[in-house]
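Chain by chain, the residues:
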Amino acid sequence: MNPSIVWFRQDLRLHDNPALDAAVRQLGPILPLFIWSPSEEGDWPPGEASQWWLHQSLAALDKELQKKGSRLLVQKGDTAQILKKLIKKTNAAAVFWNRRYEPAAVARDAQIKCELHSLKIDVESFNAAMLYEPWEIANKQNKPFLVFTPFWNYYLSLQNPLPPLPAPAKLPFPSTWPESLSLGDLQLKPFIDWAAGFRETWSPGWQGAEHALADFLNQRLYDYKANRDLPDTIGTARLSPHLHFGEISPRHIWHAVQERLREEKRLSEPAWSFLRQLVWREFAHHLLFHFPHTATQPLRADFESFPWKNSQPQLRAWQKGRTGYPIVDAGMRELWHTGWMHNRVRMIAASFLVKDLLLPWQEGARWFWDTLVDADLANNSMGWQWVAGCGADAAPYFRIFNPVLQGEKFDPQGHYIRRWIPELSQLPTKWIHKPWQCPLNEQRRYGLVLGETYPEPTVDHSLARDRALTAFNQIKSRKIRE
Ligand code: FAD
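Residues numbered from 1 in each chain as written. Predicted model: local features only at pLDDT ≥ 70, side-chain atom pairs only at ≥ 80, totals over all residues. Heavy atoms only, no water.

### Some remarks on helix 13 (residues 326–338)
And step 1. The first and last C-alpha atoms of helix 13 sit 18 Å apart over 13 residues, in line with the 18 Å expected at 1.5 Å per residue.
And step 2. Along helix 13, 11 of the 13 residues are buried, which leaves the element largely enclosed by surrounding structure.
And step 3. Gly-339 sits one or two positions beyond helix 13 and adopts a positive phi of about 80°. (Helix = DSSP H or I, 4+ residues; strand = E, 2+ residues; numbered from the N terminus. Expected span 1.5 Å × (residues − 1). Buried < 20%, exposed > 50% of the residue type's maximum accessible area, 1.4 Å probe, protein only.)

If you want it as structure tokens, here you go:
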């Protein structure tokens, strides 16, 4: 029988993988393929942190494939050319993949589908990444949702998503195996090894994802609602990079949570609070699919004339965790060290960039894109536009996070600050979120020399707040650009 090609992309798993399942149902040999083609990602080729993750995740996928009698074929370059060459070489009759929703991927995939159809190849794509795909959901006017709560209510009115598919028992190996690159040939791993903190923090791959989910369901789900905003506690699932790379499916997570709910009714509140977060991810993909310009431009067109500043030194201070505001700096250092930042701190750090420093949200989104292991165009664009006040269902622009009060509220003992900013670790809790208010004689006692061991605040928050509100008032109406 002619082989089928399964083109893996952001679905790096064997469980609940509809494209792989379709290939298995053909009953012929299967060629599991990955193509490294960053130039086909438009303005958003994977950043350094994502590349680190991708390398590990592909290695894990290859291992899983080997357990089933197969292996991963690795190529790089122009996807359409590679697919056509492989079809010719192996006599493949079908190509299967799971869909992506980013504008460049959508356009590329449609083009490839068309080209392969014209060669009489059986091409099919599937939903592996979403509970429901963006075009399956519409409001009463048959338009995309722009507000989260009705979107969530709509989800609640739907039937449970399809149950996850099992992993195939065996994967038949083709008689012709084309020459494969090694993973090392893709040069995804950094030349200078800066990734020690990543290795300490993460286990990329399907097994790592399964462990993360099991840990969360067994140990942290019950307290999720209470702990999810505390950056010093491991209170959330830490599944975002696994979800981005498709090492685990949202359907699998949804059903695993439902199962726990059936077993223990008292989990109801935290479980639904967690599932709601999973649906924020769906909302982000819904928005990016229907408003593809929002990766770089504000959803609310009026924000195009927002009087952003341009200060490289301030941008650099923010990126390096040297703004002088401990909660912002701790978050940015956590990001640099682990490739991840707690959601609450993402909001605070992002708000500081766009509202206190008046620097464009796109600068922050770019930095996150390069440094997050869970960098995801839909989630990142929505997150930044939400904070900047220019996106769907965004935080009103006049709601400006006070970094000191936020720190005191969500890291009351300062444990998070002490972990990521060792130069402040001796400071008593009452000064930990505002070291500049610590009396000079006390500063020395705690090893602090402001401006030397730790920066002075780069802006005065209350003046910055007034400046931001004045800038905001220059935007008159708040229209949405379709
Ligand atoms: P949990 O609380 O355990 O939630 C479970 C899952 O739900 C997450 O893994 C994630 O897939 C989804 N989720 C949770 N919160 C959100 C949210 N606010 N928006 C969308 N999905 C959500 N998330 C990314 O995956 N990639 C990004 O590039 C990204 N950039 C962000 C940028 C900014 C400025 C902000 C404010 C948020 C961003 N987020 C991003 C959303 C959120 O911070 C992370 O998804 C979350 O911190 C992941 O941790 P977790 O898996 O422990 O989350």
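### Regarding the pairing of strand 4 (residues 94–98)
And step 1. Counting buried positions over the five residues of strand 4 gives five, a clear majority of the element.
And step 2. Across the two faces of strand 4 the burial is the same, with Ala-94, Phe-96 and Asn-98 and Val-95 and Trp-97 all buried.
And step 3. Where strand 1 (residues 4–8) and strand 4 come together, four bridges link them in parallel fashion. Opposite Ile-5, over in strand 4, you have Val-95 as the bridge partner. (Pairing = 2+ DSSP bridges.)

### Some remarks on the sheet that holds strand 1
And step 1. Reading across the sheet, the five strands line up as 3-2-1-4-5 and stay open at both edges, with parallel pairing between neighbours. Single-partner strands in this sheet number two, and they are strand 3 (73–76) and strand 5 (122–126). Taking the axes of each pair of neighbouring strands and ignoring which way they run, one obtains an average angle of 25° across the sheet.
And step 2. Note: strand 1 against strand 2 (residues 30–36), five bridges, orientation parallel. Note that in strand 2 the partner of Ser-4 across the bridge is Ile-30.
And step 3. Sitting on the sheet, helix 2 (residues 48–67) touches strand 1 and strand 2, and the angle it makes with strand 2 is about 170°. (Axes fitted to C-alpha atoms, helices over the stretch in contact; angles between N-to-C directions. Contact = heavy atoms within 4.5 Å.)

### Notes on the pairing of strand 5
And step 1. Sheet topology places strand 4 next to strand 5; five bridges connect them, and they run parallel. Note that in strand 5 the partner of Val-95 across the bridge is Val-123.
And step 2. With helix 4 (residues 103–118) bridging strand 4 and its parallel neighbour strand 5, the resulting β-α-β unit is right-handed. (Right-handed = clockwise from strand over helix to strand, strands pointing away.)

### Quick word on the packing of helix 14 (residues 343–356) against helix 17 (residues 403–410)
Any two packed helices are characterised by the angle at which their axes cross and by the distance between the axes.
And step 1. For the pair helix 14 and helix 17, the least separation of the axes is 11 Å and the interaxial angle reads 170°. One way to sum up the angle between helix 14 and helix 17 is to call them roughly antiparallel. Residue-level contacts link Arg-344, Ile-348 and Phe-352 of helix 14 to Pro-403, Gln-406 and Phe-410 of helix 17.
And step 2. For the contact of helix 14 with helix 17, the residue count by class is four nonpolar, one polar and one charged. (Parallel < 35°, antiparallel > 145°, perpendicular 65-115°, else oblique. Nonpolar A, V, L, I, M, F, W, Y, C, P; charged D, E, K, R; others polar.)

### What to know about the pattern of salt bridges
And step 1. Following the criterion strictly, the structure yields 20 salt bridges and no others.
And step 2. For the salt bridge of Arg-108 with Asp-109, the shortest nitrogen-to-oxygen distance reads 2.8 Å. Residues Arg-108 and Asp-109 agree in their burial class; the two are buried.
And step 3. Of the charged contacts in the structure, one is a salt bridge between Arg-199 and Asp-193, with a shortest N-O distance of 2.8 Å.
And step 4. Looking at Asp-193, the relative accessible area reads 48%, which means it is partly exposed.
And step 5. Here the salt bridges do not stand alone but share partners, grouping Arg-9, Glu-40, Arg-108 and Asp-109 into one network. (Salt bridge = Lys/Arg side-chain N within 4 Å of Asp/Glu carboxyl O.)

### Thoughts on unusual backbone geometry
And step 1. Even without being glycine, Asn-91 reaches a positive phi, approximately 65°.
And step 2. Under the relative-accessibility criterion, Asn-91 is labelled exposed at 53%.

### Considering the site of the ligand
And step 1. By nearness alone, 27 residues border the ligand, and Tyr-224, Thr-236, Arg-238, Asn-343 and Asp-374 come closest of all.
And step 2. One of the backbone N or O atoms of Arg-238 is found 2.6 Å from an oxygen atom in the ligand.
And step 3. Within the side chain of Asn-379, one N or O atom sits 3.0 Å away from an oxygen atom of the ligand.
And step 4. Against a free-state accessible area of 820 Å², the protein chains account for coverage of 95% of the ligand. (Near = heavy atom within 4 Å. Polar contact = N/O pair within 3.5 Å; in protein donor to acceptor, adjacent residues only side chain to side chain. Areas by Shrake-Rupley, 256 points an atom, 1.4 Å probe, with all protein chains shown as cover.)

### Brief notes about the nonpolar core
And step 1. Phe-274 and Trp-318 are the most contacted members of the largest nonpolar core, which has 101 residues in total.
And step 2. Per element, the largest residue contribution to this core is nine residues, and it comes from helix 11 (residues 268–290).
And step 3. Apart from the residues lying within four places of it in its own chain, the contact partners of Phe-274 are Phe-216, Leu-221, Tyr-224, Ala-237, Leu-239, Ile-253 and Val-257.
And step 4. In terms of nonpolar packing, the next biggest core, distinct from the first, is built from 34 residues, Val-6, Trp-52, Leu-61 and Val-373 among them. (Core = buried A, V, L, I, M, F, W, Y, C linked by side-chain atoms within 4.5 Å.)

### Points about the side chain of Asn-127
And step 1. Topologically, Asn-127 is positioned in the loop between strand 5 and helix 5 (148–157).
And step 2. A polar contact of 3.0 Å, which involves the side chain of Asn-127, links it to the backbone nitrogen of Met-130.
And step 3. Apart from the residues lying within four places of it in its own chain, the contact partners of Asn-127 are Pro-18, Arg-99, Tyr-101, Glu-133 and Arg-251.

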